[in-house]
Amino acid sequence: MASEVEKKAVFDIDSAKEVVQELRASFVAGKTKDYEWRRTQLKAMLKLMDENEPQIVAALRDDLSKPELESSIYEIAMLKNSCKLALKKMKHWMMPEKAKTSLATFPSSAEIVSEPLGVVLVISAWNYPFLLSLDPVIGAIAAGNAIVLKPSEISPATASLLAKLVANYMDSSCIKVVEGAVPETTALLEQKWDKIMYTGNGRIARIVMAAAAKHLTPVVLELGGKCPVIVDSGINLQVATRRIIAGKWGCNNGQACISPDYIITTKDYAVELVRLPVYVYICNLVLFNLSSQALFILQVDSFKCELELFYGKNPLESKDLSRVVNSNHFARLLKLLDEDKVSSKIVYGGERDKSNLKIAPTVLLDVPQDSLIMNEEIFGPLLPIITIDKVEDSFDLITSGTKPLAAYMFTNNKKLKEKFVEKVSAGGLVINDTTVHLAEPTLPFGGVGDSGMGAYHGKFSFDTFSHKKAVLYRSFAGDAPLRYPPYTNGKLRLLKSLLGGSILGIIRALMGWSKA
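Per an unreviewed UniProt entry, the chain is named Aldehyde dehydrogenase, and its organism is Gossypium hirsutum. Under Sequence similarities (unreviewed entry), UniProt gives the following word-for-word description of the chain: "Belongs to the aldehyde dehydrogenase family."

This is the structure in structure tokens:
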């Protein structure tokens, strides 16, 4: 009997088919298209977060040892903001957009109607398992779709909590969570969806895209890549260092798709980057018989100073650093770090604690370009520094590889900023900071090339899960015989002029004049 119960509990292709059929029935009935349904579901999601924040923080701690501040701000608060924005703007987003018409269809009017795609699948990632699961769902709800969410099995505590909370707070006839690993995901991918959104790595993205191609299903792929940071001279180096640290180790200990992956700077300035001058003023130094201020310049290690200030002298014991997600990723990172040509390049950090899956923030200088660490996305607490002869060389270095999800530059040089924007193709660019573009709902968030396709956040989320339907309105008046046989040279000339929008050409055609 026990084996029979276990068999029934297995989520297979038939189970996936039943789920999709149920959701499609709800969608066809028009349930999700109603504005009030959309508003109610978004309000329910806000209530879900308000009433369960401690449990969400605890689940994220279980999965990643994620600090409470990172969980509360970077996952829950950002998600609440997305929800509130959708509630505020959704009615406006749903309104048809007026479109201009031409002489070719005169008299007429036109509009673009946003309609929901249907039943969509969201496959989320483990590194921000709460945010990256529900943020796309907000856009899909706002656009009026039925949804299946497949959270990552690599963050099991959050996945389990998501399944429980969504079932308790949301409309289960239209929104479902399916837990599981490869077999469950495979069963889901066998189904016909109206859109699939996947957040993760390029290897799995190819599998998702191949499965979607069988049904001609459109996809959104939010991937990653090696996000570079260009550091120019003549900047506020302490602020730049802090912002790099915040974007690297302050974002899930480097386990984020937009975390800085490596730094590019000049050979001369690399020394300054690693060693930051600190100016100390001491007033009325009796020892030196000085009655005025005295200025002393000390040299301290920039990254070392700031990292110790943030995480202490033993960062492996810091409660403000997430751990590596599992033993497989821990082993992968050690393989990058312990490569012969790389291990001697460590200038700070390198400590590891296998029992707790922790690696200290690690800075490496002059890492060879052909090393493993420079040929795959790091996705962890290791930060190599690459040196070049002049800052402008960094653009060629970046463009010679695959297009990253994000690229960053620290400079006060206006021409360099302009060249950076012109030369570097990436999902998003930030000048004089890192990762903060993620928080702007007015900016699309997405990749390009190997870093992904499609975008979301704010209205872009609504648009991602909508079909823009063209609608042209005409009356029975003004029916001209031009488009009907028999075709004549006069009709040909007039139609060409109408389609070309040439008033003079129309007058000539009506008067029977040729261009000659």
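**Q** Can you walk me through the UniProt feature "domain: Aldehyde dehydrogenase" (unreviewed entry) in the chain in this structure?
**A** In the numbering adopted here, UniProt assigns the feature "domain: Aldehyde dehydrogenase" (unreviewed entry) to residues 15–274 and 315–471. Secondary structure over residues 15–274 splits into 53% helix and 17% strand, and the C-alpha atoms at its two ends are 56 Å apart. Within the segment residues 315–471, helix and strand shares are 24% and 25% respectively, and the terminal C-alpha atoms sit 60 Å apart.

**Q** Looking at this structure, how should I read a nonpolar patch on the surface?
**A** Nonpolar side chains collect at one region of the surface, where L103, F106, I503 and I507 lie side by side and expose about 400 Å² of accessible area between them. Owing to a relative accessible area of 53%, I503 belongs among the exposed residues under this scheme.

**Q** It is not clear to me how the pairing of strand β3 (residues 119–123) should be interpreted in this structure. Could you clarify?
**A** The side chains of a regular strand alternate between the sheet's two faces. The buried fraction of β3 is high, at five of five residues. Burial of β3 is two-sided: the residues V119, L121 and I123 facing one way and the residues V120 and V122 facing the other way are all buried. Bridge analysis of β3 against strand β4 (residues 146–150) gives five bridges, and the strand direction is parallel. Of the residues in β4, the one forming a bridge with I123 is K150. Read from β3 through helix α5 (residues 131–142) to β4, the crossover connection turns out right-handed. Two strands pair when backbone bridges link them, and β3 and strand β6 (residues 195–199) are joined in this way by four bridges, in the parallel orientation. Bridge pairing links L121 to I196 in β6.

**Q** Any chance you could explain the sheet that holds strand β1 (residues 97–99) here in plain terms?
**A** Each strand in a sheet pairs with another by means of backbone hydrogen bonds, the pair being arranged parallel or else antiparallel. Read from one edge to the other, the open sheet built from three strands follows the order β1-β2-β22, with strand pairing classed as antiparallel. With partners counted over all chains shown, the strands left at the sheet margins are β1 and β22 (466–474), one partner each. Strand-to-strand twist in this sheet, taken as the mean axis angle between neighbours without regard to direction, amounts to 30°. As defined by bridge partners, β1 adjoins strand β2 (residues 108–116) across three bridges and the pair is classed as antiparallel. Bridged to E97 within β2 is I112.

Rules and cut-offs
Residues numbered from 1 in each chain as written. Predicted model: local features only at pLDDT ≥ 70, side-chain atom pairs only at ≥ 80, totals over all residues. Heavy atoms only, no water. UniProt positions renumbered as here; feature names shortened; annotations may be inferred. Helix = DSSP H or I, 4+ residues; strand = E, 2+ residues; numbered from the N terminus. Patch = residues over 30% accessible without salt bridge, like charges linked within 9 Å, V, L, I, M, F, W, Y side chains within 5 Å. Areas by Shrake-Rupley, 256 points an atom, 1.4 Å probe, with all protein chains shown as cover. Salt bridge = Lys/Arg side-chain N within 4 Å of Asp/Glu carboxyl O. Buried < 20%, exposed > 50% of the residue type's maximum accessible area, 1.4 Å probe, protein only. Pairing = 2+ DSSP bridges. Right-handed = clockwise from strand over helix to strand, strands pointing away. Axes fitted to C-alpha atoms, helices over the stretch in contact; angles between N-to-C directions.

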